[in-house]
Amino acid sequence: MTGLFSALTQTEQDALLLSLKVACVATAASLPVGIAVAWLLARGRFAGRGLLSALVYLPLVLPPVVTGYALLLAFGRHGPIGAMLEPLGIVFAFRWTGAALACGIMGFPLMVRAIRLSIEAVDLRLEQAAGTLGAAPLVRFATITLPLAAPGIIAGAVLAFAKAMGEFGATITFVSNIPGETQTLPSAIYSLIQTPGAEAGVLRLVVISVIVSVAAVLASEWLSQVAARRTAGR
Amino acid sequence: MSLEVRAHARLGDFALDADIATDAPRVCLFGRSGAGKTTLANVVAGLIRPDAGRVAIGDEVLFDSAAGIDAPAWRRRIGYVFQEPRLFPHLNVRANLLYARRSGGAEARAPALDDVCALLGLQSLLDRKPGGLSGGEARRVAIGRALLSGPRLVILDEPLTGLDGARRKELLAYIDLLASRGGPPILYVSHSIEETARLADVVVLMQEGRTIACAPPAEAFDHPEAESAAGLTAPITILEGRVLDHEAGATRLSLGPMDFQTPRLELEPGEPARIVVDARDVAIALSNPIDSSVQNRLHARIAAIEPHTGGLLLRLDAQGVRLKSLVTRQAAERLSLAQGGTVFALIKAVASARQG
């Protein structure tokens, strides 16, 4: 693995490390929000639930370039949210943080869907039983719902991570393709494809992509099995 | 501790109309399935909000529509053993039992884990996961879990459903033991006369969402609607007596001023016992048939004669012991039975139920 890594050019190494960083940050930052939204959609009874659901799933059906452009409008230097955050030192435009934001949003529907399904599968009667044992609603959520939904939460997180590793359209639209700053693995592959004589580099990055993806899927399988064993009740 | 429930609730086509006031330690909610027993239990536990009424345990008001009080279920401190054990599958038995303690729901006066395990025979199960337990074991863990939250009332909703005969007997003995060891009062939901007659200090009869009686078992089953509420084809009588002695597979009971023989009961002399007598199993004779095989022959006065779909229902008074007999019209005519007449009641069979 280290041998393979040192065989990469500096640009290629940067792209891989950046992609891993972006995907980790995107997944970690969106997970709490994803769990909260999934819970609202699974258990909430409020006006606007349908609207929230549509909004969450929108990035799944919109062309990624549209999502990226919307992010640029909202979070760009002169966008309403971007302008508000800039004095606080939070900048997304043309930064790796912007790539993480774009990747997080693109992976969000996948994450929410997996978690929502697993929360819906948690037997409400168990939560009710926990209630009669004196557990307050938040305690119930933390001690019953969350552990029982764990396999789905892991699956959702891995899906979001994999999506972030491969996200291209929204990222390149929002934060461009700056080597060392916003050039993720897919962006780097795209640049190399455009470069005459860089076929070897393309192949190397494609192999890396496949390895990372397969590793993520295997890791999620294993984690889900561990979690499922814990919740199976045997 | 007193239990007061007055509740009206509309749930779709179903209407609940409950009125209970008792301070008995063992209350049985009795009725056919669909009578609203579980609904009423859920109202007490705070899982269903009634439209109007009042629920109070002791001086603690849990719900009062007039005063705007509605304590959430998790603040009511009512242990609930549901029809299904509802154990938490991701926690082992020990963690299930201690759930209330860990989640901050157990009162300081909750019993010790060791005591509850000893009472319910749970020591060997502590490290197992719920998925590997048998039905009876899971039920016992659920009861233990409810007890360990230190509840002010324990609701047991048909806890014997789906268990075979031996397990039923064993678990019923545990529940019986529970109440007689100074544990919390019990609200026991059942459609079984046997279980009800065995456990109840007070029976709440339910029919079509209404509570039609709230009285000691003998009195509750004398209610005119008891038969239809219980889904019986003939009325029953519950007799309360005391064990005198055992002989050769039979137990002799004192029943008021009389002796009474039943199949052997697992009780010590002096202990109270209840027996259930089906009105069809009480035959009538005008003279004492001493040459009959029937052991229990009570001299009785006919207190009332009522028409019944199965013939005529005789309400008998045998020296203070009230008994019902169902006879055909032809038989009543042949024997010229009339109110105030004296007869011999021959009790052919009894279903026994004990109270510990």
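1. Overview of the overall build of chain A
Part 1 of the argument: Scanning chain A from terminus to terminus reveals twelve helices and zero strands.
Part 2 of the argument: The order of α-helices and β-strands along chain A, N terminus first, is α-α-α-α-α-α-α-α-α-α-α-α.
Part 3 of the argument: Along the longest, intermediate and shortest principal axes, the C-alpha atoms of chain A span 70 × 45 × 30 Å.
Part 4 of the argument: Burial statistics for chain A: of 234 residues in total, 42% are counted as buried.

2. Let's talk about the overall build of chain B
Part 1 of the argument: Looking only at helices and strands, chain B has eleven helices and 21 strands in total.
Part 2 of the argument: By principal-axis analysis of the C-alpha atoms, chain B measures approximately 70 × 50 × 35 Å.
Part 3 of the argument: Buried residues in chain B amount to 47% of all 356 residues.
Part 4 of the argument: Long-range contacts, defined as pairs at least 24 residues apart, comprise 67% of the intrachain contacts of chain B with a sequence gap of at least 6.

3. Looking at the nonpolar core
Within soluble globular proteins, side chains that are nonpolar generally end up buried alongside one another.
Part 1 of the argument: Among the nonpolar cores identified, the biggest contains 169 residues, and Ala-102 of chain A together with Leu-29, Val-44, Ile-155, Val-204, Leu-205 and Ala-345 of chain B are the most heavily contacted of them.
Part 2 of the argument: Domain assignment of the residues forming this core places at least three in each of domain 1 (3–231) and domain 2 (271–351) of chain B.
Part 3 of the argument: Apart from the residues within four sequence positions on either side, Val-44 of chain B is in contact with Val-5, Val-55, Ile-78, Ile-155 and Leu-187 of chain B.

4. Structural notes on the interface of chain A and chain B
Part 1 of the argument: If you look at the interface, chain A gives 21 residues, while chain B gives 25 residues.
Part 2 of the argument: At the level of elements, helix 7 (124–132), helix 8 (137–148) and helix 12 (199–231) of chain A are the ones that each hand at least two residues to the side of chain A that touches chain B.
Part 3 of the argument: With seven residues, helix 7 of chain A is the single largest residue contributor to the side of chain A that touches chain B.
Part 4 of the argument: Partitioning the side of chain A that touches chain B into residue classes produces eleven nonpolar, seven polar and three charged.

5. Points about the domain arrangement of chain B
When the parts of a complex come together, some accessible area is lost, and that lost area is often used as the size of the interface.
Residue and element names in this part refer to chain B.
Part 1 of the argument: Assigned domains within chain B: domain 1 (3–231) and domain 2 (271–351).
Part 2 of the argument: Taking only C-alpha atoms, the centre of domain 1 and the centre of domain 2 are 36 Å apart.
Part 3 of the argument: Taken together, the contacts link six residues of domain 1 with four residues of domain 2.
Part 4 of the argument: Residues of the side of domain 1 that touches domain 2, tallied by class, amount to three nonpolar, no polar and three charged.

6. Considering the sheet that holds strand 17 (residues 296–308) of chain B
All names here are of chain B.
Part 1 of the argument: Read from one edge of the open sheet, five strands run 16-20-17-18-19, paired in antiparallel fashion. Since the sheet does not close on itself, it has two edges, and those belong to strand 16 (282–285) and strand 19 (321–327), each with one partner. Between one strand and the next, the sheet's axes are offset by a mean angle of 45°, whatever the strand orientation.
Part 2 of the argument: In this sheet, strand 19 lies alongside strand 18 (residues 311–318) in antiparallel orientation, the contact comprising seven bridges. When the sheet's bridge partners are listed, Ala-318 is paired in strand 19 with Val-321.

Calculation rules
- Residues numbered from 1 in each chain as written.
- Chains lettered and ligands numbered in written order.
- Predicted model: local features only at pLDDT ≥ 70, side-chain atom pairs only at ≥ 80, totals over all residues.
- Helix = DSSP H or I, 4+ residues; strand = E, 2+ residues; numbered from the N terminus.
- Buried ≥ 20, exposed ≤ 12 C-beta atoms within 10 Å, placed from the backbone.
- Contact = placed C-beta atoms within 7 Å.
- Core = buried A, V, L, I, M, F, W, Y, C linked by C-beta atoms within 7 Å.
- Domains from an automatic or database assignment.
- Nonpolar A, V, L, I, M, F, W, Y, C, P; charged D, E, K, R; others polar.
- Pairing = 2+ DSSP bridges.
- Axes fitted to C-alpha atoms, helices over the stretch in contact; angles between N-to-C directions.

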